[in-house]
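If you want the building blocks of each chain, they are given just below.
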Amino acid sequence: MLKKIVMATNNANKLKEAGEILAPLGIEVISQKDAGADIEPEENGTTFAENAMIKAEAVYDIVKIPVIADDSGLCVDALGGGPGVYSARYAPKGQECAKLLDELAGVPDEKR
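Only a predicted model underlies this, so the values are computations on that prediction, with no experimental measurement involved.

*Asks:* Honestly, the overall build of the chain in this entry has me stumped. Any pointers?
*Replies:* Helix and strand content of the chain: three helices and five strands. Helices and strands appear in the chain in the N-to-C order β-α-β-α-β-β-β-α. Compactness check: the chain gives a C-alpha radius of gyration of 17 Å against a globular reference of 13 Å for 112 residues, more than 25% above the reference. Along the three orthogonal principal directions, the C-alpha set of the chain runs to about 55 × 30 × 25 Å. Burial status across the chain gives 32% buried among its 112 residues. When the accessible area of the chain is evaluated, it comes to approximately 7300 Å², of which 55% is carbon and sulfur surface. Averaging the positions of the 12 positive and the 19 negative side-chain charges in the chain gives two centres separated by 4 Å.

What follows is the structure, encoded as structure tokens:
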């Protein structure tokens with residue numbers, strides 16, 4: 001029976017959330033860093049699923065135990081689904097909201 005799983009993330013909040021979800025099943029979730037995979041794989045997929053697979057495979061190649069991963073971002077209909085998989089590099093850190101609001105200038109509230 002699976003007792004421990006690695007989460008391919010350096011995001012403490014995602015790690016905590018996954019741990020809370022899997023704890024009732026008796027599964028411990030540990031960070032990739034704690035498992036010995038202190039890496040940042042290049043997320044160059046074109047979908048969230050591809051990016052999650054890139055991370056999971058890169059971490060698994062190092063730790064050789066089960067790995068879970070996710071990828072997420074902001075998908076805005078008025079921006080054609082953007083920034084989507086590019087959310088993390090959409091704007092300089094701290095400037096994401098300002099850029100989004102700037103790009104939505106002129107878009108009526110009901111279309112946001």
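*Asks:* So what exactly am I meant to see when it comes to the packing of aromatic side chains here?
*Replies:* Each aromatic ring pair is specified by the distance between its two centres and by the angle formed by the two planes. Overall, the coordinates contain zero aromatic pairs when judged by the stated rule. Positioned above the aromatic ring of Tyr90 is the side chain of Lys99, whose terminal nitrogen or guanidinium carbon lies 4.7 Å from the ring centre.

*Asks:* Which parts of the structure should I look at to understand the sheet that holds strand 2 (residues 28–31)?
*Replies:* By definition, the strands of a sheet pair up through backbone hydrogen bonds, in either a parallel or an antiparallel sense. With respect to topology, three strands assemble into an open sheet ordered 2-1-3, the strand pairing being parallel. For this open sheet the edge positions go to strand 2 and strand 3 (67–68), each flanked by a neighbour on one side alone. For strand 1 (residues 4–7) and strand 2, the ladder comprises four bridges, and the chain directions are parallel. Each residue of the ladder has a partner; that of Val6, found in strand 2, is Ile30. Together, strand 1, strand 2 and strand 3 form the strand contacts of helix 1 (residues 12–22), whose direction differs from that of strand 2 by roughly 165 degrees.

*Asks:* So what exactly am I meant to see when it comes to the pattern of salt bridges here?
*Replies:* Pairing between side chains of opposite charge can happen when the charged atoms of each approach one another. Tallied over the entire structure, the rule returns four salt bridges. A salt bridge links Lys14 to Asp70, with the nearest nitrogen and oxygen atoms 3.4 Å apart. Residue Lys14 is located in helix 1, and its partner Asp70 is located in the loop between strand 3 and strand 4 (75–76); the two are separated by 56 residues in the primary sequence. Owing to a relative accessible area of 23%, Lys14 belongs among the partly exposed residues under this scheme. One network of salt bridges, in which partners are shared, links Glu43, Lys55 and Asp71.

Rules behind the numbers
- Residues numbered from 1 in each chain as written.
- Predicted model: local features only at pLDDT ≥ 70, side-chain atom pairs only at ≥ 80, totals over all residues.
- Heavy atoms only, no water.
- Helix = DSSP H or I, 4+ residues; strand = E, 2+ residues; numbered from the N terminus.
- Rg over C-alpha atoms; globule rule 2.2 N^0.38 Å.
- Buried < 20%, exposed > 50% of the residue type's maximum accessible area, 1.4 Å probe, protein only.
- Areas by Shrake-Rupley, 256 points an atom, 1.4 Å probe, with all protein chains shown as cover.
- Lys, Arg positive; Asp, Glu negative; His and termini not counted.
- Charge placed at Lys NZ, Arg CZ, Asp CG, Glu CD.
- Phe/Tyr/Trp six-rings, centres within 6.5 Å; stacked < 30°, edge-to-face > 60°.
- Lys NZ or Arg CZ within 6 Å of the ring centre and 35° of its normal.
- Pairing = 2+ DSSP bridges.
- Contact = heavy atoms within 4.5 Å.
- Axes fitted to C-alpha atoms, helices over the stretch in contact; angles between N-to-C directions.
- Salt bridge = Lys/Arg side-chain N within 4 Å of Asp/Glu carboxyl O.

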